[in-house]
Amino acid sequence: MATSLFSDIHMAAPDAILGITEAFRNDPTPTKVNLGVGVYQDAQGRIPVLNSVQQAAKIWATQEDTKTYLPIDGVPGFIQANQELLFGKDSSLLKEKRVATVQSVGGSGGLKLGIEFIKRFMGQDTIYVSDPSWENHRVIFEAAGMKVETYPYYDPQSFGLRAADMLSTLRTLKPRTPVLLHACCHNPTGVDLDESTWKEVVDICAERELIPFIDFAYQGFADGIVPDSRPIQLFVEKGLTFFVANSFAKSFSIYRERVGALSVVTGSQKEAAAVTSQIKRIVRMIYSSPPSYGAQLVAIVLSHPELRPMWENELGEMRNRIHEMRHLFAQKLKAVLPDKDFAFILNQRGMFSYSGLSVDVMKALREKYHVYGLDSGRICVAALNHSNVDYVCESVASLVKGT
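Here, residues in each chain are numbered from 1, in the same order as that chain's written sequence. With the structure being a predicted model, the display of local features is reserved for residues of pLDDT at least 70 and the display and counting of side-chain atom pairs for 80 or more, all residues being used for whole-chain, interface and lining totals. Excluding hydrogens and water, the side-chain figures rest on all heavy atoms present in the structure.

1. A closer look at the pattern of salt bridges
Piece 1. In the sections that follow, a salt bridge refers to a side-chain nitrogen of Lys or Arg positioned within 4 Å of a carboxyl oxygen of Asp or Glu. Scanning the entire structure with this criterion turns up 18 salt bridges.
Piece 2. Close ionic contact of Asp 192 with Arg 349 constitutes a salt bridge, the shortest N to O distance being 2.9 Å. In this pair, Asp 192 sits in the loop between β7 (178-182) and α8 (195-208) while Arg 349 sits in the loop between α14 (344-347) and β11 (352-354), placing the two residues 157 residues apart along the sequence.
Piece 3. If you follow the salt bridges from partner to partner, you end up with Glu 195, Lys 199, Arg 230 and Glu 237 in one network. Counting from the N terminus, the helices are DSSP H or I runs at least four residues long and the strands are E runs at least two residues long.

Following this line, the structure appears as structure tokens:
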């Protein structure tokens, strides 16, 4: 047999999060709990199909009359609905047609398109992300040829934000340096900026002429659809130009449909047209045009007089359940570990919590109790429910008491 072309290919290191999920799936233990994967689960531990999405699917089944390619920039109705969700229906940006929006393959695709544009057209080779940040940020940016540096963010001593250090570092960056910012529900820590800190960040971006790149994957999971978009409004009010990558995987519970977008706030309608044309060339080079189905469902829901409020109510129920589980988790941990302070968990927002648990404890949770979380201590609060929270907290307590 001839020498194989692939004989020198080695196994890639497993993805930290997907590797945890794979181990969980292969574990036959009935009491196992997966707190690693970043998806919303309902009170029964299921990833729900929202009623609003089901109704939109029925509507689309009666409307779809072709399977031809979408335009390179995506579903027109989706693009409009996405812009209105991010910036507000009455936004002056939209009236002046200053926003260039392209449908992407999930929020990750929006990040990919944005960084490719920055690399090609803005003359930059380095981007700053928070320390820590979602692991895939580094992977996506480095694959585009960018060097990834970090700015201070999470304080493991206070379990909060290193606000002063973050702002100090941003003030030292060279003009036109790209900076990746999480709009809300910071992944992985759950620690967000308050409005006063956001205002300082916006001022620094203006003074230093930085390139803000906002990752907005969890709109509606912190305080609500409009409140969660407040950081974006602060950049708009300051008159800045910037990038936003957003996702509908979480807010619509349509993870497998890969629905996202990249929006670029420009200085004029002419600039927006030029930016759109160049991003479309990047799309054409990578995957030619986006998938249809998920974007059609989102467009229908966001524009439908009955389905829109139904979706907002369902999103509110998801948000409220996460809040409930976050409070219950902190309460139960305090009950089994009365000498420890878990109040910091209540200050975190969104689906994730940096629990403050050590690498050794997280590993022991997996090996001894079949509770799967990341070595960093990040857990998915949305994976907790009334059936497993006691077991999780008691498992944590048995290990912490033993250290």
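Read on, since the account is not over.
2. Comments concerning the packing of aromatic side chains
Piece 1. We call Phe, Tyr and Trp rings a pair once their centres come within 6.5 Å, taking the six-membered ring for Trp, and we label the pair stacked below 30 degrees between planes, edge-to-face above 60, and tilted otherwise. The final tally for this structure, using the stated rule, is 15 aromatic pairs.
Piece 2. Seen from their ring centres, Trp 198 and Phe 235 are 6.3 Å apart, and the 75° between their planes marks the pair as edge-to-face. With Trp 198 in helix α8 and Phe 235 in helix α10 (residues 230-237), this residue pair connects regions lying 37 residues apart in the sequence. The residues Trp 198 and Phe 235 share a single accessibility class, namely buried.
Piece 3. Between Phe 342 and Phe 344 the ring centres are 6.5 Å apart and the planes differ by 35°, which places this aromatic pair in the tilted class.
Piece 4. The classification of residues rests on relative accessible area computed with a 1.4 Å probe and restricted to protein chains. Under 20% of the type maximum is buried, over 50% is exposed, and intermediate values are partly exposed. Classification of Phe 342 by relative accessible area gives buried; the value is 9%.
Piece 5. Clustering of aromatic rings is evident, with ring pairs tying together Phe 117, Phe 121, Phe 141, Phe 213 and Phe 243.
Piece 6. By definition here, charges over rings are those cases where NZ of Lys or CZ of Arg is within 6 Å of the ring centre and within 35 degrees of the ring normal. Here the guanidinium or amino end of Lys 32 rests over the ring plane of Phe 24, the centre of that ring lying 4.5 Å away.
Piece 7. Taking NZ or CZ as reference, Arg 378 lies 3.9 Å from the ring centre of Phe 352, over its face.

3. Some thoughts on a nonpolar patch on the surface
Piece 1. Patch definition: residues with relative accessible area over 30% and no salt bridge; like charges joined within 9 Å; nonpolar side chains (Val, Leu, Ile, Met, Phe, Trp, Tyr) joined within 5 Å. The Shrake-Rupley method, run with a 1.4 Å probe sphere, supplies the accessible areas, and residue values consider only the shown protein chains as cover. On the surface, a cluster of nonpolar side chains totalling about 420 Å² of accessible area is made up of Leu 5, Phe 6 and Ile 9.
Piece 2. Topologically, Ile 9 is positioned in the segment before α1 (16-26).
Piece 3. We classify Ile 9 as exposed; its relative accessible area is 60%.

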